[in-house]
Structure formats: structure tokens, C-alpha cells
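A closer look at the structure
Below are the chains, spelled out letter by letter.
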Amino acid sequence: MVAALGTSLGSMVGALTVGKPKYAAVEDEIKALMKRTETLRQKLLACVDQDAAAFVPLAEAYAISKDDPARDEIMERCLRDAAAVPLRILELCCEGIALHREFAAKGSLLAISDAATGVAFCLSAMYGAAVNVKVNTKAMKDRAYAEQLNERVDGLMEQYRPIADRVFEDVYRRFC
């Protein structure tokens, strides 16, 4: 939800840029960014329901007796499902950060503070998504699969956290 709100702020930058003569040279690019942002926002909103749906079976699996021979298999499947949605959210947040970098670079100076705010929201959602993947991978029995997910999370965090920080700092410094 936080990332969906963050991406919406990119659309706001676009809406406040399109139609301004000063930004006519980038208007088509801004319109394309706005389309991508809307698609991304819809995907992120869908993840809210998907995440809730994946959590219910996991919560129920934790209630299965440890003596039940089917528990480990059920838990593993539920942990994989519960990790999949936050991983998807993390990936979508990376897309949001990349879009905000474009909005901050090309958008109206009067609106790019919203790109900085939006990138901060996407980064916050990334942190939440990353920790939610890791809480599930920690409990997985299939350590090779868990490490594969952890490496994906770590790689995305290492790649996009600095980008988000730069976008925010670049916009912030423009007003200092």
C-alpha cells in the first residue's frame, strides 16, 4: 500500500508537468512514465490482497501439531507462498524507484519534491518487503531455495537502495 501511494506521487509529478510549455520537450516521456506508473500502482495494490491471502494458510500451518507428518511439507509450501508476494512487492518497488528517478530528472521543479517523497515511500516499502521475505526464508527447510531468495533480496536492496538515496538527495539539495 505504501509503495502504491509512492508510485502515485510520481503520477502527480507528471500531472503537474504535462501541459507546461517549459517542459514541452519531455512531455511525451512524462506521459509514458505516467502510464507505466499507473500500471505499477495497480500491480502493487493487487499485491495487498495477494499478501493477505498468502498469510492465512501460513498462520494455519503454524497451528498444525509438530507431530503431524505432513506439517513440514505444508509449512514449506506455505512459507514459499508467503515469501513470494513480498518478493514481488520488492521487485515492483525497484521499478517505482527507477520511475521516480525519471520524474525527478524531467518533472516540473514545482513538483519534484513529490518524486523525492515517492521514492522514500518506495524505499520504505522495499525495506518492509525485504524483511518479510527473510522472515519466511529463515523458517524454510529447503536452505538452497531460501538462499536463492535471500540472494535476490540482497541484490535488489544493494542495487536500488543507493539509487533511491541519490534521487532523494538530489531533489533535497535542489531546495537547499
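Our subject is the structure listed above.
A few points on the structure. Note that the structure is a prediction, hence the values are computed from the model and not measured.

1. What about the packing of aromatic side chains?
Considering all chains together, one arrives at one aromatic pair under this definition. With 5.9 Å between their ring centres and 20 degrees between their planes, Phe168 and Tyr172 make a pair best called stacked. Here Phe168 pairs with Tyr172, and both are found in helix 5 (residues 143-174), just four residues apart, close to one helical turn. You can call Phe168 partly exposed: its relative accessible area is 30%. Here Arg80 stacks its cationic end above the ring of Tyr145, 3.7 Å away from the centre of that ring.

2. Brief notes about the layout of surface pockets
Space inside the largest pocket adds up to approximately 220 Å³. Together, 14 residues line the largest pocket, and Met1, Asp51, Ile89, Ala125 and Ala129 are the ones closest to its centre. Mapped onto the lining of the largest pocket, the elements with two or more residues apiece are helix 1 (2-15), helix 2 (27-62), helix 3 (71-106) and helix 4 (112-138). At five residues, helix 4 tops the list of elements feeding residues into the lining of the largest pocket. Put simply, the second largest pocket is a space of about 170 Å³. Around the second largest pocket, the lining residues are Asp51, Ala54, Phe55, Leu58, Tyr62, Leu79, Ala82, Pro86, Asn132, Val135 and Asn136. Within the residue set of the lining of the second largest pocket, elements represented by two or more residues are helix 2, helix 3 and helix 4. Broken down by element, the residue count for the lining of the second largest pocket peaks at five residues, all from helix 2. Taken together, the residues of the lining of the second largest pocket break down into eight nonpolar, two polar and one charged.

3. A few points about the environment of Cys176
For Cys176, the position within the fold is in the segment after helix 5. Accessibility expressed as a relative area gives 72% for Cys176, which makes it exposed. In sequence terms Cys176 and Gln50 are 126 residues apart; their C-alpha atoms lie 41 Å from each other.

Rules of the game
- Residues numbered from 1 in each chain as written.
- Predicted model: local features only at pLDDT ≥ 70, side-chain atom pairs only at ≥ 80, totals over all residues.
- Heavy atoms only, no water.
- Phe/Tyr/Trp six-rings, centres within 6.5 Å; stacked < 30°, edge-to-face > 60°.
- Helix = DSSP H or I, 4+ residues; strand = E, 2+ residues; numbered from the N terminus.
- Buried < 20%, exposed > 50% of the residue type's maximum accessible area, 1.4 Å probe, protein only.
- Lys NZ or Arg CZ within 6 Å of the ring centre and 35° of its normal.
- 1 Å grid on protein atoms, 1.4 Å probe; cavity = no way out; pocket = protein on both sides within 12 Å on 5 of 7 lines; lining within 4 Å.
- Points joined across faces, edges and corners; volume = space filled by probe spheres on them.
- Nonpolar A, V, L, I, M, F, W, Y, C, P; charged D, E, K, R; others polar.

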